[in-house]
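Listed below are the residues making up each chain.
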Amino acid sequence: GDLQAEDKWKDISGTGRMYDHSGRRTNTSLFLEHNFVTRWITLSVGVMANRNTGIDEDFRFFPGVDLSFHPDDHWRIYAGWNKALRVPTYTDLYTSNSAQQGDIHLKPERNSMFKAGARYQTNGLNVLFSGFYSRGRNMIDWVYETEASTKYQAMNIGKLDNMGFNVEAGLNLTTLLGLATAAREPVRLKAGYAYIHQKHETGRDIYRSLYALEYLRHKVVVELSHPIVYRLSASWALRYQQRMNGYHPYAKLDGRLAWTEPHWQLFVKADNITAHRYYDLGGVRQPGLWLMAGARVSL
């Protein structure tokens with residue numbers, strides 16, 4: 001918070017120190033939502049009235065609309081739009097240490113989100129396609145302003161538009177191919193791909209972003225799960241990612257073995273089986289081969 005007058009300091013019992021900073025704000029939100037439901041259509045319309053004394057004394061209104069069309073048991077088509085506001089946290093405003101420096105002059109970030117998609121589901125097959133467009137203003141992030149920076153600085157990084165799509169397909173191969181098996185677990189194959197394009201406009205110097213600008217351009221995940229014998233099953237996941245702003249793309253393979261009984265399960269999991277060395281969000285080097293074992297009990 002802010003430094004207080006000395007007559008408002010509070011003693012920290014047993015330490016000989018004082019609480020000499022304080023912050024206060026009140027957040028009030030009022031919600032109104034109505035759903036219209038018919039045999040084929042679901043429409044949800046709502047609005048939030050929000051007042052935060054950390055900004056001013058005014059109420060602001062944030063509407064949202066979601067529409068879903070489901071002509072039969074297999075199809076669902078949907079679209080939505082909403083507006084939102086995020087007030088800087090006290091961490092964003094006041095943090096000051098050897099690695100981070102907040103900014104008490106940060107403005108709230110504003111965002112409008114449009115989304116649309118379709119899902120098709122039948123016995124043994126599940127397919128999803130969705131797209132989105134996000135329009136952000138005064139977005140808040142922690143950044144290095146120059147290559148020589150040693151502290152992340154909280155900053156309104158300007159205008160940030162994100163647009164992209166996601167496609168997923170899940171197959172129950174046991175059902176689709178009519179596989180005869182005595183195992184309890186079916187053979188499942190799932191694949192997904194996500195893509196994001198980002199447009200950023202700012203008048204500030206930014207060398208590295210901790211969150212918003214280090215986004216995933218491409219992400220591919222392929223998963224296979226199958227029985228081995230009786231109650232023993234395995235699952236495998238191959239992941240490929242390309243993160244923007246200085247990261248090299250990488251691929252890694254994970255695996256899991258599980259013995260499943262009605263009320264308990266034993267499992268062994270191997271993350272990054274090939275021990276590939278890679279870096280992810282925040283420039284943090286990730287572990288090589290990572291083995292885990294555990295049990296789950298259902299009472």
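The model shown is predicted, which means the values in this text are computed figures rather than measured ones. Each chain has its residues counted from 1, running along the sequence as written. Totals for whole chains, interfaces and linings use every residue, but because this is a predicted model, local features are given only for residues with pLDDT of at least 70 and side-chain atom pairs only at 80 or more, for both listing and counting. The side-chain numbers reported here are obtained from all heavy atoms of the structure, hydrogens and water having been left aside.

When you look at the overall build of the chain in this model, what are you seeing that I'm missing?
Think of it this way: any DSSP run of H or I at least four residues long counts as a helix, any run of E at least two long counts as a strand, and we number them from the N terminus. When its secondary structure is counted, the chain shows two helices and 23 strands. Against the compact-globule benchmark of 19 Å for 299 residues, the chain has a radius of gyration of 25 Å, which places it well outside the compact range. Considering only C-alpha atoms, the chain reaches an extent of 80 × 50 × 45 Å along its principal axes. Relative accessibility decides the category of a residue: with a 1.4 Å probe and only protein chains considered, values under 20% of the type maximum give buried, values over 50% give exposed, and everything between is partly exposed. Sorting the 299 residues of the chain into buried and exposed places 28% on the buried side. Every residue pair with non-hydrogen atoms within 4.5 Å of one another is taken to be in contact. A sequence separation of at least 24 residues applies to 51% of the contacts in the chain between residues at least 6 apart. Atoms counted for the radius of gyration: C-alpha only. Globule rule: 2.2 Å times residue count to the power 0.38.

I'm lost on the packing of aromatic side chains in this one. Help?
Ring pairs are drawn from Phe, Tyr and Trp, using the six-membered ring of Trp, whenever the two centres fall within 6.5 Å, and their geometry is named by plane angle: stacked under 30 degrees, edge-to-face over 60, tilted for the rest. In this structure the tally under the stated criterion is ten aromatic pairs. An angle of 55° between the planes, with centres 5.0 Å apart, marks the rings of W75 and Y120 as tilted. Separated by 45 residues along the polypeptide, W75 in strand β8 (residues 75–86) and Y120 in strand β10 (residues 109–122) bring together distant segments of the chain. A relative accessible area of 26% places Y120 in the partly exposed class. Residues Y90 and Y94 carry aromatic rings whose centres are separated by 5.5 Å and whose planes lie at 85° to one another, so their mutual orientation is edge-to-face. With Y90 and Y94 both in helix α1 (residues 90–94), this residue pair falls four residues apart, about one helical turn.

Help me understand the sheet that holds strand β9 (residues 100–101) in this model?
To summarise the sheet geometry, strands pair through backbone hydrogen bonds and adopt either a parallel or an antiparallel arrangement. Strands pair, by our definition, only if DSSP identifies at least two bridges between them. Pairing is mixed in the open sheet, where four strands are placed in the order β9-β13-β12-β16. What marks the edges here is a single partner per strand, and that holds for β9 and β16 (208–209).

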